[in-house]
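Structure assessment
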Amino acid sequence: MKNLSDSQLVVAYLAGEAAAFAEIVTRHGTRLLWVARRYSRNEHDAHDIVQDALLRASQSLHTFRRESKLSTWLHRLVANSGYDFAHHRHLRESPTLDDDRTSRDTDLRLAYDPLRHIDTRLTLESALNQVRPDQAAALVLIDAAGYSVAHVAAMEGVQPGTVKSRRARAKTALREIMMAQESTVRPSR
């Protein structure tokens, strides 16, 4: 793998050769770490930024168009991850979770309650069962499973516009069913 060019490594990785991505990381990792250090306060954060960027790279390497060098594309991913790291700190895990001033037994941020949203889930499941199956499938496949409209259209054997229409109708029907269920559950004042 060491004697392959970056373009050849990309092709090999996309063909299923995991060692190709490992070589990309080995080849470019040091420079990427230098970029990440500009966005971090310590070495651990810099490594986290690089790790995030490399995860993004591994998941979206198929979108690399070879209009620029691979190193430039990776540099941009690290810069984007670094920007996200620096400007969206409130979305990351709270560092106070490591603070021993609060007992782990009473810290609600560490509590896991598997039944916390059970009412909502049951209501949503019941409502989805009342929506036309083709419409419910479009909604679930796009909004819950994360498939694109084009992918769902190909799976269902219909046009993308049909999938969009089914999804929109499912949302409308689901909203009406949920509102009706909510009004019957709430006591009147």
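Every value quoted in this text rests on a predicted model; they were computed, and no experiment measured them. (Residues numbered from 1 in each chain as written. Predicted model: local features only at pLDDT ≥ 70, side-chain atom pairs only at ≥ 80, totals over all residues. Heavy atoms only, no water.)

So, on to the overall build of the chain. Scanning the chain from N- to C-terminus turns up eight helices and zero strands. Along the chain, helices and strands appear, N-terminal first, in the series α-α-α-α-α-α-α-α. For the chain, the computed accessible surface area is about 13500 Å², with 53% contributed by carbon and sulfur atoms. (Helix = DSSP H or I, 4+ residues; strand = E, 2+ residues; numbered from the N terminus. Areas by Shrake-Rupley, 256 points an atom, 1.4 Å probe, with all protein chains shown as cover.)

Looking now at unusual backbone geometry. Of note in this structure, arginine 66 is not a glycine but carries a positive phi near 60°. On the basis of relative accessibility, which here comes to 40%, the residue arginine 66 falls in the partly exposed class. (Buried < 20%, exposed > 50% of the residue type's maximum accessible area, 1.4 Å probe, protein only.)

So, on to the packing of aromatic side chains. Applying the stated rule across the entire model yields two aromatic pairs. Between tyrosine 13 and phenylalanine 21, the aromatic rings sit 5.1 Å apart at their centres with planes inclined by 40°, giving tilted as the arrangement. In this structure phenylalanine 21 comes out as buried when scored by relative accessible area, which is 12%. When the centroid spacing of 5.4 Å and the interplanar angle of 50° are considered together, the rings of phenylalanine 64 and tryptophan 73 count as tilted. What makes tryptophan 73 buried here is its relative accessible area of 17%. Cation over ring: arginine 37 sits above tryptophan 34, and NZ or CZ is 4.6 Å from the ring centre. (Phe/Tyr/Trp six-rings, centres within 6.5 Å; stacked < 30°, edge-to-face > 60°. Lys NZ or Arg CZ within 6 Å of the ring centre and 35° of its normal.)

Residues Ile24, Leu61, Leu70, Trp73, Leu74 and Val78 are the most contacted members of the largest nonpolar core, which totals 24 residues. It is helix H2 (residues 18-37) that provides the largest number of residues to this core, a total of seven residues. (Core = buried A, V, L, I, M, F, W, Y, C linked by side-chain atoms within 4.5 Å.)

This part covers the side chain of glutamine 135. Tracing the sequence through the fold places glutamine 135 in helix H6 (residues 133-144). For glutamine 135, a relative accessible area of 7% translates into the label buried. Every residue in contact with glutamine 135, bar those within four places of it in the chain, is listed here: Arg166, Arg169 and Ala170. (Contact = heavy atoms within 4.5 Å.)

Let us look at H6. In an α-helix, one full turn covers 3.6 residues, which means residues spaced three or four apart are oriented alike. Its 12 residues give H6 an end-to-end C-alpha distance of 15 Å, which sits within 8% of 16 Å, the value for a rise of 1.5 Å per residue. Of the residues making up H6, those classed as buried are Gln135, Ala136, Ala138, Leu139, Leu141 and Ile142. Remark: glycine 146 follows H6 within two positions and exhibits a positive phi of approximately 85°. (Expected span 1.5 Å × (residues − 1).)

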